[in-house]
Amino acid sequence: MDKIKAPKGTKDIFTPDIEKWQYLEEKIKEVFNRFYFSEIRTPIFEHTELFSRGIGDETEVVSKEMYTFKDRKERSLTLRPENTASVVRAAIENKLFDEHFPLRYYYIGPMFRYERPQKGRQRQFHQFGVEVFNDPSAEVDAEVILVAYKLLIDLGINTINVEINSVGCKNCRPDYLKLLSEKAEMESEKLCSDCQRKTKTNPLRIFDCKNKGCIEVADNLPKITDNLCQDCNTHFVKLKESLNLFEVPFFVNTRLVRGLDYYTKTAFEITSEALGSQNAILGGGRYNDLIKQLGGNEISGIGFAAGMERVILHLDKIEKKNKLKVIIVYHSENEKTASLKIAKRCWDLGLNAFIDYGAGNMKKQFKKGDRIEADFAFVIGKDEVVDSMISIKNMKTREQEKIKNEDLEKWIKKNI
RNA sequence: GUGAGUGUAGCUCAGUGGUAGAGUAUCGGUCUGUGGCACCGACUGUCGCGGGUUCGAAUCCCGUCACUCACCCCA
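Figured I'd write up the structure that's included with this text. Only a predicted model underlies this, so the values are computations on that prediction, with no experimental measurement involved.

1. Brief notes about the overall build of chain A
In step 1: Within chain A one finds 15 helices and 16 strands.
In step 2: Whereas a compact globule of 416 residues would reach a radius of gyration of roughly 22 Å, chain A reaches 29 Å, over 25% beyond that.
In step 3: Principal-axis analysis of the C-alpha atoms gives chain A an extent of 95 × 55 × 50 Å.
In step 4: Looking at the 416 residues of chain A, the share that counts as buried comes to 49%.
In step 5: Counting only contacts in chain A whose residues sit at least 6 apart along the sequence, the fraction spanning at least 24 positions is 69%.
In step 6: Here chain A displays about 22,800 Å² of accessible surface, and carbon together with sulfur accounts for 49% of that area.
In step 7: Between the centroid of the 68 positive side chains of chain A and the centroid of its 64 negative side chains there is a distance of 5 Å.

So, in C-alpha cells, the structure goes:
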C-alpha cells in the first residue's frame, strides 16, 4: 500500500517551526493593534466571480492559478488566492463602511494558488495583511508602509528594502500605457519575443523582463512617474514626504508593477536580499476603484499582503518560553499510584508536568526528562511514599532536596 | 507551463558493474533508587517505482513518480 502524502505544495508545520509561527502571529496581533487595526476573518472559499471581477480576468493569478471547483449544487467556488477581494466583499455585505470614519482591518490565514513550488512558494501558503477603507490620503499610505516596515524590523529582519512607485489612476494610466506601447513598438526589434507581445497586451510588464536587450530598451522608455496626472502626482509627492517624516527608508522604483489589476496610485513592495528568487516579502498598494467594482460605493482602499512563509525564512530558532517543566519519576509500579496523585496536583496548580506511564527503570525516566528538557524531576520511591515526602532533583545542577508531600503546593508557588 | 539537480536505515550521507555501509538517533548491557561521558552489543532497508542492457545493476540506459532549485509569476 502506498503511503498517503501531503498534496504537492503543502506543508505540515510542527516543532521547532511552529514556535516561529506562533511568535510571528503574536507579533502581528500586537503591532497591528497598536496601529488601530482589528482582525477580520473571511471564508476560505468564495464565489469564483469575486476573484475574476475583483482581481481581474487577465491576471495570471486568476487565469491559471486558482483552485476552482463546483459544489453539489453546481455553484462555482474558488479557494481564495488572496484576501483583499474577500475583505472588500465582507465590508460591503455587512455594511461596515462608515462615511465619516476610516475602516481598518487586518487578517491572517491560508491562501491557495496552483503554482510550481519552490523556495518561498507553496500552493497552500499563508498571508497576513491590512486593509484601510475610506481614507484617500497619502499620509495613510505612508502609515500602512510604516506598519509593514516596523513589524519586520521588530521581528529583527533588517535585510530589507522598501520600494515604492505610483501606477497612476484611470485618468492618467491609459494615456501612459498608450505612450509606452507606441515607444516600445518603435524599438520592437531589440525586444525579446515575449516583450514584443507585451507591447500590445501589457506594456508595463516589459519593465519586469530580465533580458539584457529589453532592459536597455526599458531604461529609455517613458517613466510612469513622469506621466502622472496632477492628482496622482501630488499624492505621490506627499507620500514621499510622509515616509520621510515617519523615517521609513525607501527608494522609488519606476519599474515596480503589481500583478493584480486593482491597484491605483501608490504601489509598494518590501523585498529581502536573503530570500533567493522569490524576494518579495510583502507587497501592496492603493485600490480606489475596487470597492465600486465589487458593487459598493465609491470608497478608497489601501493595503498590503505579506507572505508568512517568506517572513518565517528570516526567523532564527525561537527559544521556547522557559516555563518551568517537571518530570515525575517513580521507582517502580508500587509507587505509581502515589505518583499519579502528585501529577494531578501539579496540573491543577498550573505546573507543566510529564509522567511516563510505561516507564521502566528510573534511568530511562531521567533520559526522557532530558529529552523533554525538564527543569526538575520529582522522584517518588519507596522511602518517599513511606515518609510522605517528595525528592526534588534539579536537572541542571543535579542537586536534590526532599520536601514534605503536603508542601508541594508551597514549592510550586515559590518556583513556578 | 519550461529547464536543471537529487531520490540508499527514523535523520545526515558514503558507496561508479561483483556479499548493501558509516555517523547519528533508538533499544539493551557495563550501572537492579537517579540522566548528560565512556566502552560493548543489537535493531532498522522493495537502494523511489517500472522496464531494459549484462553471467551479475544501488551503480549503465529508457520511462515514470516525488522532492529541491531556477525560469515564469507572485506574497
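There is more to say, and it comes next.
2. Topic: the pairing of strand S14 (residues 376–380)
In step 1: Among the five residues of S14, five are classified as buried, and the element is accordingly described as predominantly covered.
In step 2: Residue alternation in S14 divides its side chains into two sets, Phe-376, Phe-378 and Ile-380 and Ala-377 and Val-379, and both sets are buried.
In step 3: Where strand S12 (residues 325–330) meets S14, five bridges bridge the pair, whose relative direction is parallel. Bridge pairing in S14 links Val-326 to Phe-376.

3. Re the side chain of Glu-82
In step 1: Position of Glu-82 among the secondary structure elements: in the loop between strand S4 (76–79) and helix H4 (84–93).
In step 2: Buried Glu-82, no salt bridge; nearest opposite-charge side chain is Arg-113, N-O distance 5.9 Å.
In step 3: At 3.3 Å, the side chain of Glu-82 forms a polar contact with the backbone nitrogen of Thr-84.
In step 4: Side-chain polar atoms of Glu-82 contact the side chain of Tyr-262, separated by 2.6 Å.

4. Re the sheet that holds strand S2 (residues 45–47)
In step 1: Strand order in this open sheet of three strands is S2-S4-S3, and the pairing throughout is antiparallel. Each of the sheet's edge strands pairs with one partner strand only, and the pair in question is S2 and strand S3 (67–70). Direction aside, neighbouring strands of the sheet carry axes that sit 35° apart on average.
In step 2: With three bridges connecting them, S2 and S4 associate as antiparallel partners. Along S4, the bridge assignment pairs Phe-45 with Leu-79.

5. Some words on the protein's contact with RNA strand B
In step 1: Taken together, 49 residues lie around RNA strand B, and Arg-258, Ser-277, Lys-364, Met-395 and Arg-398 are the ones closest in.
In step 2: Per the 4 Å cut-off to the protein, sugar and phosphate atoms form 47% of the nearby atoms of RNA strand B.
In step 3: Interatomic distance of 2.7 Å between a backbone N/O atom of Gly-283 and a sugar or linking oxygen of RNA strand B.
In step 4: Within the contact set of RNA strand B, a base nitrogen lies 2.4 Å away from a backbone nitrogen or oxygen of Met-395.
In step 5: The set of elements that each furnish at least two residues to the surface near RNA strand B consists of strand S6 (124–133), strand S10 (280–286), strand S11 (301–307), helix H13 (362–371), helix H14 (382–387) and strand S15 (389–394).
In step 6: Among the elements that make up the surface near RNA strand B, the one with the highest residue count is H13 (seven residues).
In step 7: When grouped by side-chain class, the residues that make up the surface near RNA strand B number 10 nonpolar, 14 polar and 25 charged.

6. Things to note about the side chain of Arg-123
In step 1: Take Arg-123: it is sitting in the loop between strand S5 (103–112) and S6.
In step 2: No salt bridge is formed by the buried Arg-123; the nearest opposite charge belongs to Glu-115, separated by 8.0 Å.
In step 3: The residues touching Arg-123, leaving out its near neighbours within four places in the chain, are Lys-8, Gly-9, Tyr-67, Met-111, Phe-112, Arg-113, Tyr-114, Glu-115, Arg-116 and Pro-117.

7. Some words on the sheet that holds strand S8 (residues 251–252)
In step 1: Reading across from one edge, S1-S5-S6-S11-S10-S9-S7-S8 is the order of the eight strands in this open sheet, with mixed pairing throughout. Each edge of the open sheet carries a strand with a single partner, namely strand S1 (38–39) and S8.
In step 2: Both S10 and S11 contribute to a ladder of five bridges, which runs antiparallel. Considered in S11, the bridge of Gly-284 is made with Phe-304.

8. Concerning the pattern of salt bridges
In step 1: The final tally for this structure, using the stated rule, is 24 salt bridges.
In step 2: Here Asp-231 ties to Lys-265 by a salt bridge, and the two come within 3.2 Å at their closest N and O atoms. Residue Asp-231 is located in helix H9 (residues 230–245), and its partner Lys-265 is located in strand S9 (residues 264–272); the two are separated by 34 residues in the primary sequence.
In step 3: Residue class for Asp-231 comes out partly exposed when judged on its relative accessible area of 47%.
In step 4: In this structure, Lys-368 engages Asp-356 in a salt bridge whose closest nitrogen and oxygen atoms are separated by 2.5 Å. On the criterion of sequence distance, the pair formed by Lys-368 in helix H13 and Asp-356 in the loop between strand S13 (352–355) and H13 is long-range, its members being 12 residues apart.
In step 5: Salt bridges sharing partners connect three or more residues here, namely Glu-30, Arg-34 and Asp-154.

9. Overview of the packing of aromatic side chains
In step 1: For the structure shown, the criterion picks out 14 aromatic pairs.
In step 2: Sitting over the face of the ring of Phe-366, Lys-393 holds its NZ or CZ atom 5.1 Å from the ring centroid.

10. A closer look at the state of the cysteines
In step 1: Applying the stated criterion to the full structure yields zero disulfides.
In step 2: This cysteine, Cys-229, is not joined by any disulfide, and Cys-172 carries the nearest cysteine sulfur, 3.6 Å off.

What counts, and at which threshold
Residues numbered from 1 in each chain as written. Chains lettered and ligands numbered in written order. Predicted model: local features only at pLDDT ≥ 70, side-chain atom pairs only at ≥ 80, totals over all residues. Heavy atoms only, no water. Helix = DSSP H or I, 4+ residues; strand = E, 2+ residues; numbered from the N terminus. Rg over C-alpha atoms; globule rule 2.2 N^0.38 Å. Buried < 20%, exposed > 50% of the residue type's maximum accessible area, 1.4 Å probe, protein only. Contact = heavy atoms within 4.5 Å. Areas by Shrake-Rupley, 256 points an atom, 1.4 Å probe, with all protein chains shown as cover. Lys, Arg positive; Asp, Glu negative; His and termini not counted. Charge placed at Lys NZ, Arg CZ, Asp CG, Glu CD. Pairing = 2+ DSSP bridges. Salt bridge = Lys/Arg side-chain N within 4 Å of Asp/Glu carboxyl O. Polar contact = N/O pair within 3.5 Å; in protein donor to acceptor, adjacent residues only side chain to side chain. Axes fitted to C-alpha atoms, helices over the stretch in contact; angles between N-to-C directions. Near = heavy atom within 4 Å. Nonpolar A, V, L, I, M, F, W, Y, C, P; charged D, E, K, R; others polar. Phe/Tyr/Trp six-rings, centres within 6.5 Å; stacked < 30°, edge-to-face > 60°. Lys NZ or Arg CZ within 6 Å of the ring centre and 35° of its normal. Disulfide = S-S within 2.5 Å.

Keep in mind these values describe shape, not function.
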